[in-house]
Amino acid sequence: MAANGPRIPERLIDAPSQRLYILSLGLALQALKLVAFFTSLIEGNSITYFLKWMLCDAAFLLFLRFLRIPLLTFRWQSSALQIALLGMVNWLMFGNYTISFSFASVVPTLVYNLWVRLRGDYVGINGYTVSFTELLRGDKHLIGQHTVKLSPISTAKLNPYLESICIPPHIGHAFVPILFNNTDPSQITYKLTQHTADPSVTSAPSSTVTVRKKDILTHVDWSQSESPSEEGGGVVTTLSEDEAFDLEFGESDDPRAVAHQQHQQQQVAQHQKSLPELQRTQRLRWIRVTKPGTLRLESVVDGRTDVRLRDSEVPVVMCPTALFAPAEKAKENWKEKVSCRGDKEVLVMLMVGVPPMSLEYQRVLGNKKEETTVEGIDPVHKEGDARALTSKELRIPLALTLDELGEHVYTLNTITDGLGNTVDLTLPLSPHHRTKVPHDITRTISVLKPAEFSFNDCRGGRTVDLLQGKDAQLQFIAGHHDERDGPWKLSVQFTPLAGADVGKGGKGKNTPWVKEITAKGKFKKLRVEAPGEYKLLAAQGQVCKGDILSPELCRVVEVPMPKAEIEWRKLHECSGDVGVTANLVLHGTPPFTVFHTTSHNGGAEVTNSTVINGSRGEITLQPGHKGSYVYRLTALSDAHYDRIPLQSEPIKQTVHPLANANFAGNNRGAREKTVQSCSGDVVDVPVSLDGTAPWTLELQVVGPSGITEKMSIPGIKSNEHTLKVKIPKEVDRDGGTILVDLISVEDANGCKRSLAVPGVTVNVRRVKPTAKFYSKDGQRKVEILMGETAHLPLRLTGDGPWTVEYRDVKFPRNPKKQRVKSANDVIAVEAEGTYEIISVRDLHCPGDVVVPEHTYTVSWVPRPAARILDTVRTPQVANGSYIRPPVCVFTDDHIILDLRGSPPFQVNYDIKHGKDRPEKHSFTSLQTEHRVQLQTSKPGRVVYEVSSVGDARYSVKEDHGKEQHPRWEQQVLARPSAYFKTDTRLSYCLNDAFMPRPESHLSNDGVVVLEGKAPFMVSFSIHNLASSETRQEIKEFTSHEWHLSFPEYVFSTVGSYLITINSVRDASSCEEIVDETTQRSIWVDVAETAMIVPYERRTDVCVGDLLQFQLEGTAPWTITYRFNNKVQKTIQKTPKYTTVANVPGEFSVVSIAHQQAQCQTSVSDVRLLIHEIPSAQVSHGSRFEENIREGEQAEIVFTLIGEPPFTFTYQRAELAQYARGRKPKVLETHTVAGVMSTEYSIFSSAEGTWTVTFIADKWCRYPPAKTDPSIEAV
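Since this is a predicted model, take the numbers as computed values, not measurements.

Reading the values: rules and limits
Residues numbered from 1 in each chain as written. Predicted model: local features only at pLDDT ≥ 70, side-chain atom pairs only at ≥ 80, totals over all residues. Heavy atoms only, no water. Helix = DSSP H or I, 4+ residues; strand = E, 2+ residues; numbered from the N terminus. Buried < 20%, exposed > 50% of the residue type's maximum accessible area, 1.4 Å probe, protein only. Contact = heavy atoms within 4.5 Å. Areas by Shrake-Rupley, 256 points an atom, 1.4 Å probe, with all protein chains shown as cover. Patch = residues over 30% accessible without salt bridge, like charges linked within 9 Å, V, L, I, M, F, W, Y side chains within 5 Å. Salt bridge = Lys/Arg side-chain N within 4 Å of Asp/Glu carboxyl O. Expected span 1.5 Å × (residues − 1). Arc of directions from axis to C-beta. Pairing = 2+ DSSP bridges. Axes fitted to C-alpha atoms, helices over the stretch in contact; angles between N-to-C directions. Lys, Arg positive; Asp, Glu negative; His and termini not counted. Disulfide = S-S within 2.5 Å. Core = buried A, V, L, I, M, F, W, Y, C linked by side-chain atoms within 4.5 Å. Phe/Tyr/Trp six-rings, centres within 6.5 Å; stacked < 30°, edge-to-face > 60°. pLDDT = per-residue confidence, 0-100.

A. Spotlight on the overall build of the protein chain. Secondary structure assignment for the protein chain yields 10 helices and 94 strands. Residues counted as buried form 42% of the 1274 residues belonging to the protein chain. A sequence separation of at least 24 residues applies to 71% of the contacts in the protein chain between residues at least 6 apart. Within the structure as shown, the protein chain displays about 68,100 Å² of accessible surface, and the carbon and sulfur contribution to it stands at 51%.

B. Up close: a nonpolar patch on the surface. Judged by side-chain polarity, Ile 47, Leu 51, Trp 91 and Leu 92 come together as a nonpolar surface patch covering roughly 400 Å² of accessible area. Contributing elements (two or more residues each) for the nonpolar patch: helix 2 (46-67) and helix 3 (76-94). The residue Trp 91 is located in helix 3 in this model. Of the residues examined, Trp 91 reaches a relative accessible area of 37% and is grouped as partly exposed.

C. Layout of helix 3. Spanning 19 residues, helix 3 covers 26 Å between terminal C-alpha atoms, matching the ideal 27 Å at 1.5 Å per step. Within helix 3 the residues assigned to the buried category are Ser 79, Gly 87, Asn 90 and Phe 94. The buried residues of helix 3 occupy one face: seen down the axis, they fall within an arc of 80 degrees. Exposed and facing more than 90 degrees away from the buried side of helix 3 are Leu 81, Met 88 and Leu 92.

D. Layout of the sheet that holds strand 18 (residues 344-353). With antiparallel pairing, the three strands of this open sheet are ordered in space as 16-18-21. Each of the sheet's edge strands pairs with one partner strand only, and the pair in question is strand 16 (321-324) and strand 21 (392-401). Direction aside, neighbouring strands of the sheet carry axes that sit 20 degrees apart on average. By the bridge criterion, 10 bridges tie strand 18 to strand 21 in an arrangement that is antiparallel. Counterpart to Met 351 in the pairing with strand 21 is Leu 394.

E. Structural detail: the pattern of salt bridges. One pass over the full model with this rule turns up 34 salt bridges. Here Lys 369 ties to Glu 371 by a salt bridge, and the two come within 3.6 Å at their closest N and O atoms. For the salt bridge of Glu 836 with Arg 807, the shortest nitrogen-to-oxygen distance reads 2.7 Å. With a gap of 29 residues between them, Glu 836 in strand 57 (residues 833-841) and Arg 807 in strand 54 (residues 802-808) connect regions that are remote in the sequence. According to the relative accessible area criterion, Glu 836 is buried, its value standing at 14%. One salt-bridge network, held together by shared partners, links Arg 363, Lys 368, Glu 370 and Glu 404.

F. The pairing of strand 22 (residues 406-416), seen in detail. Within strand 22, nine of the 11 residues are buried, leaving the element largely enclosed by the surrounding structure. Where strand 19 (residues 357-365) and strand 22 come together, eight bridges link them in antiparallel fashion. Paired with Val 364 across the bridge in strand 22 is Val 409. The sheet contact formed by strand 22 and strand 23 (residues 422-424) spans three bridges and is antiparallel. In the sheet register, Thr 416 faces strand 23, and the bridge partner there is Thr 422. Taking the residues between adjacent antiparallel strands as the criterion, strand 22 and strand 23 are bridged by five residues, where Gly 420 takes a positive phi near 95 degrees.

G. Representation of the side chain of Glu 805. With respect to the secondary-structure elements, Glu 805 resides in strand 54. No salt bridge is formed by the buried Glu 805; its nearest oppositely charged neighbour, Lys 817, is found at 5.0 Å. Apart from the residues within four sequence positions on either side, Glu 805 is in contact with Pro 815, Lys 816, Lys 817, Glu 836, Ile 837, Ile 838 and Ser 839.

H. Seen up close, the state of the cysteines. Under the definition given, this model contains six disulfides. Covalent S-S linkage joins Cys 458 and Cys 554, the inter-sulfur distance amounting to 1.6 Å. One end of the pair, Cys 458, is in the loop between strand 25 (452-455) and strand 26 (464-467); the other, Cys 554, is in strand 33 (residues 553-559), with 96 residues separating them in the sequence. Judged by its relative accessible area of 0%, Cys 554 is buried. Each sulfur of the disulfide joining Cys 888 and Cys 1070 lies 1.8 Å from the other. With the S-S bond torsion at -90 degrees, the cross-link from Cys 888 to Cys 1070 turns out left-handed. Highlighted residues: Cys 888 in strand 61 (residues 882-888) and Cys 1070 in the loop between strand 76 (1055-1065) and strand 77 (1081-1087), separated in sequence by 182 residues. Just as Cys 888 is buried, Cys 1070 falls in that class too. By sequence order of its bonded cysteines, the protein chain has the disulfide arrangement 1-2, 3-5, 4-6, 7-8, 9-10, 11-12.

I. View of the nonpolar core. Among the nonpolar cores identified, the biggest contains 42 residues, and Ile 1092, Phe 1109, Phe 1147, Ile 1170, Phe 1198, Phe 1208 and Ile 1255 are the most heavily contacted of them. Membership of the second largest hydrophobic core comes to 28 residues, among which are Cys 166, Cys 319, Leu 347 and Ile 377.

J. Spotlight on the sheet that holds strand 6 (residues 165-167). Strand order across the open sheet formed by five strands is 6-15-13-8-9, with mixed pairing between neighbours. Across the chains shown, the open sheet's two edge strands, defined by having one partner strand only, are strand 6 and strand 9 (206-212). Going from strand to strand, the sheet's axes swing by 30 degrees on average, the running direction of each strand aside. Relative to strand 15 (residues 313-318), strand 13 (residues 293-301) runs antiparallel, the two being bridged by four bridges. For Leu 295, the partnering residue across the bridge sits in strand 15 and is Val 314.

K. Broad picture of the pairing of strand 87 (residues 1175-1178). The side-chain alternation of strand 87 yields two buried faces, one formed by Ser 1175 and Gln 1177 and the other by Ala 1176 and Val 1178. In terms of strand pairing, strand 3 (residues 142-143) meets strand 87 through two bridges, oriented parallel. The residue of strand 87 that forms the bridge with Ile 143 is Gln 1177. In this structure, strand 87 lies alongside strand 89 (residues 1194-1201), joined through four bridges in antiparallel fashion. What sits directly across from Gln 1177, in strand 89, is Thr 1199.

L. Geometry of the packing of aromatic side chains. Tallied over the full model, the rule gives 29 aromatic pairs. With centroids separated by 6.4 Å and ring planes inclined at 70 degrees, the aromatic side chains of Phe 37 and Phe 94 adopt a geometry described as edge-to-face. Of this pair, Phe 37 sits in helix 1 (residues 15-43) while Phe 94 sits in helix 3; the two residues are 57 residues apart in sequence, bridging distant segments of the chain. Classification of Phe 94 by relative accessible area gives buried; the value is 0%. Taken together, Phe 994, Phe 1020, Phe 1037, Trp 1042, Phe 1046, Tyr 1049, Phe 1051 and Tyr 1057 form an aromatic cluster joined through their ring pairs.

M. Just the environment of Lys 509, in detail. Assignment of secondary structure puts Lys 509 in the loop between strand 28 (488-496) and strand 29 (513-519). Overall, the relative accessible area of 43% leaves Lys 509 in the partly exposed class. Note: C-alpha distance between Lys 509 and Pro 531 (22 residues apart in sequence) is 9.1 Å. Ignoring sequence-local partners within four residues, the contact set of Lys 509 consists of Phe 494, Glu 529 and Ala 530.

N. Region of interest: the confidence of the model for the protein chain. In this model, the protein chain carries an average pLDDT of 81, and 84% of its residues clear a pLDDT of 70 or more. Taken together, the stretch residues 100-120 has pLDDT below 50 and engages in 13 contacts with residues farther than four places along the chain or on a different chain. Taken together, the stretch residues 223-265 has pLDDT below 50 and engages in 84 contacts with residues farther than four places along the chain or on a different chain.

O. Main features of unusual backbone geometry. Of note, the amide linkage connecting Pro 590 to Pro 591 takes the cis form, showing an omega dihedral of 0 degrees. Going from Gly 800 to Pro 801, the amide bond is cis rather than trans, its omega being 0 degrees. Phi at Arg 643 takes a positive value of approximately 55 degrees, unusual for a residue other than glycine. In this structure, Arg 643 sits in the loop between strand 39 (629-637) and strand 40 (644-645). The phi angle at His 1180 is positive, at roughly 60 degrees, despite the residue not being glycine. Tracing the backbone shows His 1180 in the loop between strand 87 and strand 88 (1183-1187).

What follows is the structure in structure tokens.
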């Protein structure tokens, strides 16, 4: 045991697990050794296996000792003994030795004989059961071999790895590989035949090129490959033989050689790994080709021997290319185009290559990437025309609908031509080439949303104020705008107020006009100096036509200067107050500031101001001291004007407070309350009163023109009272705003008080809110995909929010309501149809619908569809299927589908054969017509049905049977055939008519099975082997099974009759199928008395021959025969008696009887002489190897054992070292006849292993001849 612990610590792998793993490895090695043992029995060359496994076993045992595993660690003496024992086992399994001894010499005779009898397959002629395989063992009759080794012949193979070769257009040449064996060429001659697209041209132009040794390339640096081909068939940096020599010894300063040294270990090694390893005598060379065509090797010269040419033809074409077509307009930049959402664009792809081609392209939108592969791109190709290997240029349009915002990047990835050349278009060209061919493979389209413009200052019906003598500013705002679309051209229209003075010649500031202004950012300002209506008509960007949102109309109003109506009153003495009150009726825009002065006792005037929020106010002036006070109102300011002088008379202060009244809901000091009036000439205004009832309330109504109407309402008895205020006629007619103010209130005590509470503003709305659909181009319609949502733009006027009622005109009784908050909101719908607005109501009043802009049409983009082309349509049946004409099995047929939609198309369809489950199939097409190949490989009813269709707009996954797709059927007719149901021999008696026996219905013997379409016409032949006569019979019947019946035919002789089916025809026009595996013939036995007839008429046979006899009569038969003067009997239950001639001697049949040993017949003409099998030896039965040089000959000696004359066959096979694990291939075979001597010699300079495969003497041969199959079946 080892002193140290295990090499692998037990904390990592415990000792039992280590023992399990190492013993499992040893068991696996012995299992592989057993497999190698059986392989060596087939291939020979066992010495190689012996040395290999000796090394493996020794390495395993030494590795086991190195690991120091507990319980498996031995001393070095034990390990050496183990290696020696395994070496003995390896010698027994793989040693080159021969042991020859008789098994019977070591086994008692009785046991040996019993073993021989049990292991046999046939009963020998001496009565014992013998093994037929052991009897004819080849190692006893054909032994020995003579091996001659010679240098191999010189060969050249063009394109040995079957690569597709193409010439990149930007390089102009390609390299074609040639594999040489046992030669180093000094000159190569090839013929290049140009490809032609005209099939009528039978002789295309060609040229012969001779490549000298200096131009034959010995190295190829694949790391410098500049071809975008994915299959290695492109342009590479190559080195001549001299450059390769300099590179090998480090003497080259060529930049290509330096690059070769830098990348050789990486990229060159990767490419070489993909190629099979070259043999010692093989060399790989390349030749440069600069023109396309079919390259054929004419000759190869190496200066020593003739070089044989193999696979000497390969096509060379131009590599396929693809790019996007340039823009038709010179100024248009198609590499990066900006478009508007909803636009439609077409990208044209230019493809050049040998059709049919396939193209892979991708679209990237944000983080979403879609890849599409289109196959079968081919120009119109007439059926029957041969395809040429010439490149064709195709223009393939790709229609795009730009519905999604963002940057759409389309890139062409790869293209593959009809020969399998694949080019990756995304790879950059090599920097070694100064001139690069532009690969315009990318198109970028930026999809923008149209900008939205509206007035920013006039939302909610607000107006813009214009002060007298000054100008106003209007502001436009742009929403959802993109700077790439700017600047925008805005069209603005001005309409003056009705009755405005336009000046002389219509050139005043009030003259109507339409202007176009330029907006560059989000906001645009416009200064105006005339009141009226300003309307935003349109907006046009550099790419998109902008949308006009509400408010698109803005009203500019000229604000008048403020003024005041002053009424002075002394305070009433009822309340005991002292002072005066100035009641003011103010005209202008609140809030107002009234400036007033106070003078006490003729002193200096003190100026104060009072702010009034309404159009009516009250200023109470009360003295603080005794004396005379003079009050004067000096100036007035409003929201627009400052300190407008007032002309008012001064007054002494005397104040008399009165009873109080206020409008309901008003608080002290609050702003005016607003009441809405949508219709009617009277408006209700609630008031609250304080004091002693009844009250008399005095109020005034101020119209928009400044006209004031006062009214008194007496006898108010309730504190809460509703005033019925009549609306002035002009306001009731045109609408507007009136102010209702309380003037005074008088209570029951007669105390009257003037009121200065905030008034009520009554908005009389006679302009109703409106609703309509918006459209920038007058077309109120939109097209959407099925399942998407359409957003119908609204344009509303009035005060929001609005309630819009709409409906689909197809369903007038099913209206819908939607509450919207924005004047530019949308209505979302999913179904197609025409939608109309029924009614609208804003926050206060019902409105009107603008006609005809109250309708909007939504339509669906049609789904892609497929139909059968009119030219190939066939009658349609009730289930919607088109019926194709029936065809026979394996007859080519197709149908053309007409595809409608936006290419590329994706079509899924099902194929159902009879009652089988449907098979799923699909294809992709860029063309609107696609040919679908029909399946005719097996008979039956075949139903084709398109299950789903997709295009560029609709995914194929979205088609759930919503559209009716084409369906067609075809009957594939089976070709007729006929065969016998069984091969059982039929038995008849002499002079019987050929008719079914009464018991024939109980079995299938003699039944003919017919397949196809009835009626059938079958031709039979009845061959009488005894008389060699043949009779032809033709039968016609409608059933698919028929018992052989020829009543007019009578068996006139005894013997075997062969009934053969010659031909069959059915109701279809299909040709007959002759299946080699079916039973086309049957035997009939005709017997009278018991007889024994040998199959072969000969008197001399050989050991190992099967002696076969035909027994005639009724089973069982008793046969009496004599062999080497010994009489024996055998009983046979079948009409065929077979025995094996296992030992030489004389055999004769004495008699035969049948029917339980009755009808015995003496036999005198069956006598056979059995001869021993001859033998042949090569090199006296040994394995002899001989090495010769070129020009020398070797003598091969054959030893023949038997009775002359001899005929033998010998063969030459390839050496086992070239077979690489498989059975060596036979190279030549010769037969020599008429040899009278026992030795025969030949001389040969060819390399190989010579063996004898056949030997025949005067009587026998080995291997024995194969029995005639027709006789074997008897």
